[in-house]
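Examining the three-dimensional arrangement
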Amino acid sequence: MLTLVTGSRGRVGSALVTLLHRDGHGVRAGSRNPGELPLPGGVPSVLCDLGDPGTFAAALEGVDAVFLYAEPSHVDEFLAAAQTAGVAHIVLLSSSSVLDPDPGANPIAASHHAVEQALIASPLTTTLLRPGAFAGNAYQWSESIRSGRPVELPYPNSGTSPIDEADIAEAARAVLTDIRLRGTAYHLTGPESLTAAEQVGLLAAASGSSAAFRTVSRAAWKDAVSPFVPEEIAEGLLDHWAATDGAAAEVTGETEKLTGRPARTFAAWAADHAAAFRA
């Protein structure tokens, strides 16, 4: 079986390519810039730009399964090309935000929801992976922690159950290689609910930093991130954190169900990536 992994530059996609190759499964790494991918020896790369339908046919030639990122702009064309190529199974990297009451109106959930709906309407066998917050989102705090400055949090008591991207990759490998796991949706989380403030504390401890946090207003936070976070997304994040302020995040057993072992803790992730937060 040959699997096309789209978005192979990403943390999940690159880890999945390595896992599949290590275990002896055929894998092709797709990317908008395939020549720049740091791939294991023997793994072929291919141009696959989910925003350019002209790249779909060649990327999908001979492919049995696809690990797909949630890019909605040309999803119908991609699915048509996948059917023509004889693809049997698509695993979508979606988001737990689609579980919100009105995901189509949620700026963070909307793209994932649109791709999910297109896949559900297609005849292709589809498996949906819906992870919550990535542990790697913590990189946004790295500069402050390295310098010992307080991390600015608009809702320090907002709870999430951050999941290690390595666990998402292992879950994806499981559903791609075990036919018994196909055709359903999985809500993936880390093993515990943590507040944003608790995550900052774990990162500081792992890296030996004295950084703590300070509470800032919504407006101040939005202004600080405006150079790199679109206003609509910033508002969506702020609304989500406000809704979960003081509440524990849901912790599911879906990660363990797919990987066969306990999900990695955020403390373990912080220890493994401490160099990025160390002065």
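This write-up is about the structure you can find in this document. (Residues numbered from 1 in each chain as written. Predicted model: local features only at pLDDT ≥ 70, side-chain atom pairs only at ≥ 80, totals over all residues. Heavy atoms only, no water.)

Right, let's talk about the overall build of the protein for a bit. Helix and strand counts for the protein stand at 11 helices and 11 strands. Radius of gyration (C-alpha) of the protein: 19 Å, near the 19 Å computed for a compact globule of 279 residues. Out of the 279 residues in the protein, the part that is buried amounts to 48%. In the protein, once contacts between residues fewer than 6 apart in sequence are set aside, the share between residues at least 24 apart is 72%. Looking at the protein, you have 18 positive and 31 negative side-chain charges, and the mean spots of the two groups are 6 Å apart. (Helix = DSSP H or I, 4+ residues; strand = E, 2+ residues; numbered from the N terminus. Rg over C-alpha atoms; globule rule 2.2 N^0.38 Å. Buried < 20%, exposed > 50% of the residue type's maximum accessible area, 1.4 Å probe, protein only. Contact = heavy atoms within 4.5 Å. Lys, Arg positive; Asp, Glu negative; His and termini not counted. Charge placed at Lys NZ, Arg CZ, Asp CG, Glu CD.)

Take the pattern of salt bridges next. As enumerated under the stated definition, the model contains 15 salt bridges in all. Two residues, Lys222 and Glu235, come together in a salt bridge whose shortest N-O distance is 2.4 Å. Placement of the pair is Lys222 in helix α8 (residues 218-225) and Glu235 in helix α9 (residues 231-243), with a sequence separation of 13 residues. Here the residues in one salt-bridge network are Arg218, Lys222, Glu231, Glu235 and Asp239, joined through shared partners. (Salt bridge = Lys/Arg side-chain N within 4 Å of Asp/Glu carboxyl O.)

Residues Leu2 and Leu4 point to one face of strand β1 (residues 2-5) and Thr3 and Val5 to the other, with burial holding for every one of them. Taken together, β1, helix α1 (residues 11-22) and strand β2 (residues 26-31) constitute a β-α-β crossover, and its handedness is right-handed. In this structure, β1 lies alongside strand β4 (residues 65-69), joined through three bridges in parallel fashion. Across the sheet, Thr3 pairs through a bridge with Ala65, a residue of β4. (Right-handed = clockwise from strand over helix to strand, strands pointing away. Pairing = 2+ DSSP bridges.)

Let us now look at the environment of Phe266. Note that Phe266 resides in helix α11 (residues 266-272). Through-space distance from the C-alpha of Phe266 to that of Leu203 is 8.9 Å; in sequence the pair is 63 residues apart. The contacts of Phe266, once residues within four sequence positions are left out, are Ala135, Ala138, Pro162, Glu192, Leu194, Gln199, Leu202 and Leu203.

It is worth spelling out α1 at this point. Under the 1.5 Å per step criterion, the end-to-end length of α1 is 17 Å for 12 residues, consistent within 8% with the ideal 16 Å. Buried residues belonging to α1 abut β1, β2, β4, β5 (89-93) and α6 (165-177). Looking one or two residues beyond α1, the residue adopting positive phi is Gly24, at roughly 85°. (Expected span 1.5 Å × (residues − 1).)

Scanning the entire structure with this criterion turns up seven aromatic pairs. Geometrically, the ring pair formed by Tyr139 and Phe277 is stacked, given 5.8 Å between the ring centres and 5° between the ring planes. Here Tyr139, found in the loop between β6 (125-131) and α5 (142-147), pairs with Phe277, found in the segment after α11; they are 138 residues apart in sequence, far enough to count as distant. Classification of Phe277 as buried rests on a relative accessible area of 1%. Their ring planes at 80° and their centres at 5.0 Å tell us that Trp221 and Trp241 sit as a pair that is edge-to-face. Here the residue Trp221 occupies a position in helix α8, and Trp241 occupies one in helix α9, the gap between them amounting to 20 residues. Across this residue pair, the class does not change: Trp221 and Trp241 are buried. Here the aromatic cluster, defined as three or more aromatic residues joined through ring pairs, consists of Tyr139, Phe266, Trp269 and Phe277. (Phe/Tyr/Trp six-rings, centres within 6.5 Å; stacked < 30°, edge-to-face > 60°.)

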